[in-house]
Amino acid sequence: MRQDSITTEMGADDVEEDSAEEVQVLEFQLGPETYCVDIEYVSEIVDKGQLTAVPNAPNHVEGVMDLRGRTTSIINPKSLLSIDEEGESKRIVIFDPNKFEDEAATGWLVDEVYQVVRISMDDVEDPPLEKDDSIEGVIKRDGELVVWISPVHAIE
């Protein structure tokens, strides 16, 4: 009987170790830094094409583009996040409109898209600024910091 209780206790410990939630994130470059968003928000990645300017739009709106018959607003997250305008923006991360309250089609202009990475929630540290809802956390990986952004809160 004693052996069963030890086995049960060990089993409970193993469950705790394996229960760390994993999430897939898309990593991309904005200026000199690496950022990421939860892959569940991303519908596709496209090359930067011709954008049409929108008169009287906020500074962070670069313009709009027609993406498969739907007008998509293209946002410059560097403006939203106060990032230096270093680097040429070449790609657009298109977000799933169903993930946003207003169901607007939006995309972020990014310098480069790197990869989709699976991360453990145990590796995510709390954001340094508690007032900023747009930052989900910071991930330490390969000696670098990756800032995890919430596209829903960053655009609001």
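Residues numbered from 1 in each chain as written. Predicted model: local features only at pLDDT ≥ 70, side-chain atom pairs only at ≥ 80, totals over all residues. Heavy atoms only, no water.

## Section: the side chain of aspartate 111
Position of aspartate 111 among the secondary structure elements: in the loop between strand 7 (106-110) and strand 8 (112-120). Of note is the side chain of aspartate 111, whose polar atom sits 3.1 Å from the side chain of serine 89. Apart from the residues within four sequence positions on either side, aspartate 111 is in contact with Gln29, Leu30, Gly31, Lys78, Glu86, Gly87, Glu88, Ser89, Lys90 and Arg91. (Helix = DSSP H or I, 4+ residues; strand = E, 2+ residues; numbered from the N terminus. Polar contact = N/O pair within 3.5 Å; in protein donor to acceptor, adjacent residues only side chain to side chain. Contact = heavy atoms within 4.5 Å.)

## Observations concerning the pairing of strand 11 (residues 144-149)
Of the pairings in the sheet, the one linking strand 2 (residues 33-38) to strand 11 comprises 3 bridges and is parallel in character. Residue pairing in the sheet places tyrosine 35 in a bridge with valine 147 of strand 11. Inspection of the sheet shows strand 10 (residues 135-141) paired to strand 11 by 6 bridges, in the antiparallel sense. Within the sheet, the bridge partner assigned to arginine 141 lies in strand 11 and is glutamate 144. What sits between the antiparallel neighbours strand 10 and strand 11 is a turn of 2 residues, in which aspartate 142 has the positive phi angle 55 degrees. (Pairing = 2+ DSSP bridges.)

## What to know about the side chain of aspartate 38
Checked against the element boundaries, aspartate 38 lands in strand 2. Although buried, aspartate 38 forms no salt bridge, and the nearest oppositely charged side chain, lysine 99, lies 7.6 Å from it. Of note is the side chain of aspartate 38, whose polar atom sits 2.9 Å from the backbone nitrogen of glutamate 40. Non-local contacts of aspartate 38, meaning those with residues more than four positions away in its chain, are made with Val23, Gln24, Val25 and Trp148. (Buried < 20%, exposed > 50% of the residue type's maximum accessible area, 1.4 Å probe, protein only. Lys, Arg positive; Asp, Glu negative; His and termini not counted. Salt bridge = Lys/Arg side-chain N within 4 Å of Asp/Glu carboxyl O.)

## Description of the confidence of the model for the protein
The predicted model of the protein has a mean per-residue pLDDT of 84, with 84% of residues at 70 or higher. Counting contacts from residues 1-17, a segment whose pLDDT is below 50, to residues more than four positions away or on other chains yields 0 contacts. (pLDDT = per-residue confidence, 0-100.)

## So, the pattern of salt bridges
For side chains bearing opposite charge, pairing can occur when the charged atoms are close. The final tally for this structure, using the stated rule, is 8 salt bridges. In this structure, the salt-bridge partner of lysine 99 is glutamate 40, at a minimum N-O distance of 3.9 Å. Separated by 59 residues along the polypeptide, lysine 99 in the loop between strand 6 (91-95) and strand 7 and glutamate 40 in the loop between strand 2 and strand 3 (42-47) bring together distant segments of the chain. For lysine 99, a relative accessible area of 36% puts it in the partly exposed group. Overall, glutamate 40 belongs to the exposed group, its relative accessible area being 53%.

## What to know about the environment of serine 43
Looking at the secondary structure, you find serine 43 in strand 3. Overall, the relative accessible area of 43% leaves serine 43 in the partly exposed class. As a C-alpha pair, serine 43 and proline 97 span 54 residues in sequence and 8.5 Å in three-dimensional space. Setting aside anything within four residues of it in sequence, one finds serine 43 in contact with Ile94, Phe95 and Asp96.

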